[in-house]
Amino acid sequence: MKMKSRTIVLTIAVLASLAACKSQFETLLSSNDVDAKYKAAMDLFNNGKYLKAGQLFESMAILTDGTERDDTVRYYWALSNYRYKDYYTAESNFAKFIEKYPQSPFSSDARFLRIDCLYRATLRWELDQTPTKNCLATIITYELEYPDAKEHLEACAAMKKDLYDRLDRKEFENARLYYKMEDYLAARVALRNVLKDNAENGYREDILYYTAMASYHYARLSVPAKQKERYLVFVDDYLNFIGEYPESKYRRELDAMYRRSQRALGRYDGVDEELDLKEKDFERERKAMDKK
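Below, the structure is looked at part by part. Computed from a predicted structure; not experimentally measured. All residue numbers refer to positions counted from 1 along the written sequence of the respective chain. Under the rules for a predicted model, residues below a pLDDT of 70 receive no local features and side-chain atom pairs below 80 are neither given nor counted, while totals for whole chains, interfaces and linings still include all residues. In computing side-chain properties, one takes all heavy atoms of the structure into account and sets aside hydrogens as well as water.

1. Some points on the overall build of the chain
Secondary structure counts use DSSP, requiring at least four H or I residues in a row for a helix and at least two E residues in a row for a strand, with both numbered from the N terminus. Across its full length, the chain holds 13 helices and zero strands. In sequence order, the chain lays out its α and β elements as α-α-α-α-α-α-α-α-α-α-α-α-α. Across the chain, the fraction of contacts at a sequence separation of at least 24, relative to all contacts at a separation of at least 6, is 56%. Contacts: residue pairs with any heavy atoms within 4.5 Å of one another.

2. Quick notes on the pattern of salt bridges
Here a salt bridge means any side-chain nitrogen of Lys or Arg lying within 4 Å of a carboxyl oxygen belonging to Asp or Glu. Applying the stated rule across the entire model yields 17 salt bridges. In this structure, D116 and R120 form a salt bridge, with 2.9 Å as the shortest nitrogen-oxygen distance. Here R120 and D116 lie together in helix α6 (residues 107-120), a separation of four residues that amounts to about one turn. Partly exposed residues are those whose accessible area sits between 20% and 50% of the maximum for their type, while under 20% is buried and over 50% is exposed, using a 1.4 Å probe and protein chains only. A residue is classified by how much of its surface remains accessible, and R120, at 45% relative accessible area, is partly exposed. The shortest N-O distance in the salt bridge between R169 and E173 comes to 2.8 Å. With R169 and E173 both in helix α8 (residues 150-180), this residue pair falls four residues apart, about one helical turn. Three or more residues joined by partner-sharing salt bridges are found here, namely D65, D70, R74 and K100.

3. Quick look at the packing of aromatic side chains
To pair, rings of Phe, Tyr and Trp, with the six-membered ring standing in for Trp, must have centres within 6.5 Å; the planes then decide the type, stacked if under 30 degrees apart, edge-to-face if over 60, and tilted in the middle. Evaluation of the coordinates by the stated rule reveals 25 aromatic pairs. Relative to Y50, the ring of F45 has its centre 5.3 Å away and its plane inclined at 70 degrees; by these criteria the two rings are edge-to-face. You can call F45 buried: its relative accessible area is 7%. Site record: aromatic cluster; members linked through ring pairs are F45, Y50, F57, Y75, Y76, Y82, Y87, F94, F97, Y101 and F106. Its end group placed over the ring of F25, K52 keeps NZ or CZ at 4.9 Å from the ring centre. Criterion for a charge above a ring: Arg CZ or Lys NZ at most 6 Å from the ring centre, at most 35 degrees from the ring normal. Seen from the ring of Y38, R69 lies directly overhead, with NZ or CZ sitting 4.3 Å from the centre.

4. What about helix α12 (residues 251-264)?
Here the expected length of a helix is defined as 1.5 Å per residue gap, with one fewer gap than residues. Taking 1.5 Å of rise per residue, the 14 residues of α12 would be expected to cover 20 Å, and the 20 Å separating its terminal C-alpha atoms lies within 8% of that figure. Turning to α12, its buried residues are E253, L254, D255, A256, M257, S261 and Q262. Remark: G266 follows α12 within two positions and exhibits a positive phi of approximately 80 degrees.

5. Observations concerning the nonpolar core
Core analysis: the biggest nonpolar cluster contains 40 residues, and F57, Y75, L79, F94 and Y142 have the highest contact counts within it. Contributions of two or more residues to this core are made by α2 (34-46), α3 (50-64), α4 (70-83), α5 (87-100), α6, α7 (130-145) and α8. For this core, the element with the highest residue contribution is α4, accounting for seven residues. Those residues in contact with F94 that sit more than four places away from it in its chain are Y75, A78, L79, Y82, A110, L113, R114 and C117. We call a set of buried residues a nonpolar core when its members are Ala, Val, Leu, Ile, Met, Phe, Trp, Tyr or Cys and they connect through side-chain atoms within 4.5 Å of each other. Listed in part, the 30 residues of the second largest apolar core include A175, A219, Y231 and L265.

6. Concerning the side chain of S222
Residue placement: S222 occurs in the loop between α10 (204-220) and α11 (224-244). Taking the relative accessible area as the measure of exposure, S222 reaches 10% and is therefore buried. Within the structure, the side chain of S222 is placed 2.9 Å from the side chain of R230, a separation counted as a polar contact. Apart from residues no more than four positions distant in its own chain, S222 is found in contact with Q227 and R230. Here a polar contact is recorded for every N or O atom pair within 3.5 Å, except that within protein the pair must consist of a potential hydrogen donor and a potential acceptor, and residues adjacent in sequence are included only if both atoms are side-chain atoms.

7. A few points about the state of the cysteines
Two cysteine sulfurs form what is called a disulfide whenever their separation falls within 2.5 Å. Inspection of every chain in the model, using the stated rule, returns zero disulfides. Take C117: it sits in no disulfide, and the sulfur closest to it among the cysteines is that of C135, at 9.9 Å. A relative accessible area of 3% means that C117 is categorised as buried. Summary of cysteine pairing: C135 is not part of a disulfide, and the nearest cysteine sulfur, belonging to C156, is at 8.4 Å. Classification of C135 by relative accessible area gives buried; the value is 0%.

Bear in mind that shape data such as this cannot, by itself, settle questions of function.
Right, here's the structure in full:
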């Protein structure tokens, strides 16, 4: 019975202690004592208590507005959000900080951390790429404005590489969709337009490959009267491809298609066992890859 009573007393004491701590923080939160709030907020921040630190910095922002301490308070408010992994709020607060204090000593770091927040909000290549484009524009502006910020430029370069890859993949896959649908004429036009708009697309080899394959299949499926001119288009695409990628993983398959086109054009009289025996295997493997 005594043990039970002691346990109850101890529990009440702990709860009372916790309530007192909570009451103390809430009292400070509603206080107008800037110095006390600032010291407590910094202590909380340095001890990794980012949620509470952010709440205190936020409550100080109105009190410090127009004072010398204001840029520090607003920067650490956003930084607390960031460290707490509330990237949406952090991005908004960094943006407001940058607008209000573009010349602050914290400006370079704030701009970079805002970029990091924007980067974390970007989506996979299959989804809407508007956030990707917004993030890229912000990175490019940062690189122009802070060419000496070496500690951040490396990270910016890595982000840019990833983001450009997503845009390139999106463009490529959108065009390749026509190929998967076996609309080969539309596929060739769409694929060529990708490179017309962006010759440096990171999927250039794949795009040129599917361009050639689309023209080959379009010729193969055409009525006999149209096949010759359409096989000649494939030959141009084939020669263009091997001119750029002579050692490509696609070379063996395209060589087989080229020999078949030459035979259709009456320019190849030899017996090509690989062509005759392996063409179906190529087609089966390619269809499996296209579905991925």
